[in-house]
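# Notes for the structure review
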Amino acid sequence: MSSQTPTKTPGAAAVPPPGPASAPVKRVPRGHRRLLTRRDRITLGFMAGVPTVLHVALVWVTALASIALAFTSWDGIGFDSIKWVGLDNFQQLFSDNPQFWPAVQHNVIWFVVLILVPTPFGLFLAVQLDKKIRFSRVYQTAFFLPVVVSLAVTGFVWQLVYNPDTGLINSLIGANKPGHYIDWIGDPDLNLWAVLIAASWRHTGYMMILYLAGLKGVDPSLREASSLDGANEWQTFKNVIFPTLRPTNTVVLVVTIIEALRAFDLVFVFNKGAQGTELLSILITNNIIGESSRIGYGSAIAVVLLVISLVVIIPYLISTFRKERSA
């Protein structure tokens, strides 16, 4: 009995078994995934749009409007009363205003005092606090507290200190008796310096924080190398540490100039900028919102202050951008 084995063709295994045809698999298009929903986009647009609109309206529009109004005469009542006067406001400002040049002089004095008194003292405090002494955090908070407090509140506090009758200074030196009063705020020879003491008290903490941040960025190896070379503490600071603070010194210089130009709050709280404390910011305020509103003339003073500020700010921005590009 012979058995026959069936022969298999090579393609027999690949033939599918008979049956109903299988349906093709449909791929569901996934589409573009949205990272942000519509609500998220509306929220982000609102959060970014409202500050942008406010910044443009309150800063750029008002600045451009002030530049335009500087060449006009306007009392602020109706836009129909705006009259073009050209350079008359500037000519009158430079030649006929007896308060303008004293105000410029006071702003210069303000800058000189801030750069010579509280700035070095703030640097001294920063150097001492950088030594990691005990309770350094407490000292930092105490010295920086005047910077956090509003300038108006600072002015009211120093008014109490300078009070001729019950003030702290007159009580200490015995000048609070009738006939011996020292009027620190009303005396034209004293009030500017009295305000500058209050401004320096606040500015010291500001400078301390800036210099302390700069000192934290100094490479410790520089100090170690200087000590190995036999340099004492003063020589290390003068020849090694202080030269590395050049970027911080630039920031301090620009900040001090801006602080001197925008000084307003303390003087206005003390005596509204009268009797020897005239400043450019006070003249702007008195001419724009004073009893006799001269918006065009006040805008001309604001333009002068803007030009002085740009003379300082533009070179700083140019040097900063050049450093960023070179880096």
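Residues numbered from 1 in each chain as written. Predicted model: local features only at pLDDT ≥ 70, side-chain atom pairs only at ≥ 80, totals over all residues. Heavy atoms only, no water.

### Concerning the environment of Gly167
- Along the chain, Gly167 turns up in the loop between α6 (151-162) and α7 (168-173).
- Filtering out sequence-adjacent residues up to four positions away, Gly167 remains in contact with Leu160 and Val161. (Helix = DSSP H or I, 4+ residues; strand = E, 2+ residues; numbered from the N terminus. Contact = heavy atoms within 4.5 Å.)

### Observations concerning a nonpolar patch on the surface
- Residues Leu35, Leu36, Leu44, Phe46, Met47, Val50, Leu54, Val56, Leu58, Val59, Trp60 and Val61 make up a contiguous nonpolar surface patch of roughly 1200 Å² in combined accessible area.
- Examined against the element boundaries, Leu36 turns out to sit in the segment before α1 (38-69). (Patch = residues over 30% accessible without salt bridge, like charges linked within 9 Å, V, L, I, M, F, W, Y side chains within 5 Å. Areas by Shrake-Rupley, 256 points an atom, 1.4 Å probe, with all protein chains shown as cover. Salt bridge = Lys/Arg side-chain N within 4 Å of Asp/Glu carboxyl O.)

### Describing the nonpolar core
- Ranked by size, the top nonpolar core spans 22 residues in total, and within it Trp110 and Tyr162 carry the most contacts.
- Here this core gets six residues from one element, more than from any other, and that element is helix α8 (residues 191-216).
- Every residue in contact with Trp110, bar those within four places of it in the chain, is listed here: Leu192, Val195, Leu196, Ala199, Glu259, Ala260, Ala263, Val267 and Leu279.
- The next biggest cluster of nonpolar side chains, apart from the first, holds 17 residues, and it includes Ala70, Ile257, Ile284 and Val304. (Core = buried A, V, L, I, M, F, W, Y, C linked by side-chain atoms within 4.5 Å. Buried < 20%, exposed > 50% of the residue type's maximum accessible area, 1.4 Å probe, protein only.)

### A closer look at the confidence of the model for the chain
- Summarising the model, the chain shows a mean pLDDT of 85, and 89% of its residues fall at 70 or more.
- When mean pLDDT is taken per element in the chain, helix α3 (residues 100-116) scores highest with 94 and helix α9 (residues 220-228) scores lowest with 85.
- Ignoring residues within four places in sequence, the model shows residues 1-13, a span with pLDDT below 50, making zero contacts including any to other chains. (pLDDT = per-residue confidence, 0-100.)

### Digging into α1
- Compared with an ideal rise of 1.5 Å per residue, which puts 32 residues at 46 Å, α1 spans 43 Å between its outermost C-alpha atoms and is within 8% of the ideal.
- The sharpest bend along α1 comes to roughly 30°, located at Val56. (Expected span 1.5 Å × (residues − 1). Bend = angle between axes of the 7 residues up to and from the residue.)

### Points about the packing of α9 against helix α10 (residues 233-244)
- It is the contact of α9 with α10, at a shortest axis distance of 10 Å, that shows an interaxial angle of 160°. Between α9 and α10, the crossing angle belongs to the class labelled roughly antiparallel. Crossing of α9 against α10: the hand is right-handed. Packed against α9, whose contacting residues are Leu222, Arg223 and Ser226, the element α10 presents Thr236, Val240, Ile241 and Thr244 at the interface. (Axes fitted to C-alpha atoms, helices over the stretch in contact; angles between N-to-C directions. Parallel < 35°, antiparallel > 145°, perpendicular 65-115°, else oblique. Left-handed = near helix turned anticlockwise from the far one by under 90°.)

### Some points on α10
- For α10, which comprises 12 residues, the first-to-last C-alpha distance of 16 Å matches the rise-based estimate of 16 Å (1.5 Å per residue) to within 8%.
- Along α10, the positions that sit buried rather than exposed are Thr236, Phe237 and Ile241. The buried residues of α10 occupy an angular sector of 95° when projected down its axis, which confines them to one face.
- Close packing links the buried residues of α10 with α4 (118-129), α8 and α9.
- By the N-cap criterion, in which a side-chain oxygen at the helix start approaches the backbone nitrogen of a residue two or three places on, α10 is capped by Asn232, the distance to Trp234 being 3.3 Å. (Arc of directions from axis to C-beta. Polar contact = N/O pair within 3.5 Å; in protein donor to acceptor, adjacent residues only side chain to side chain.)

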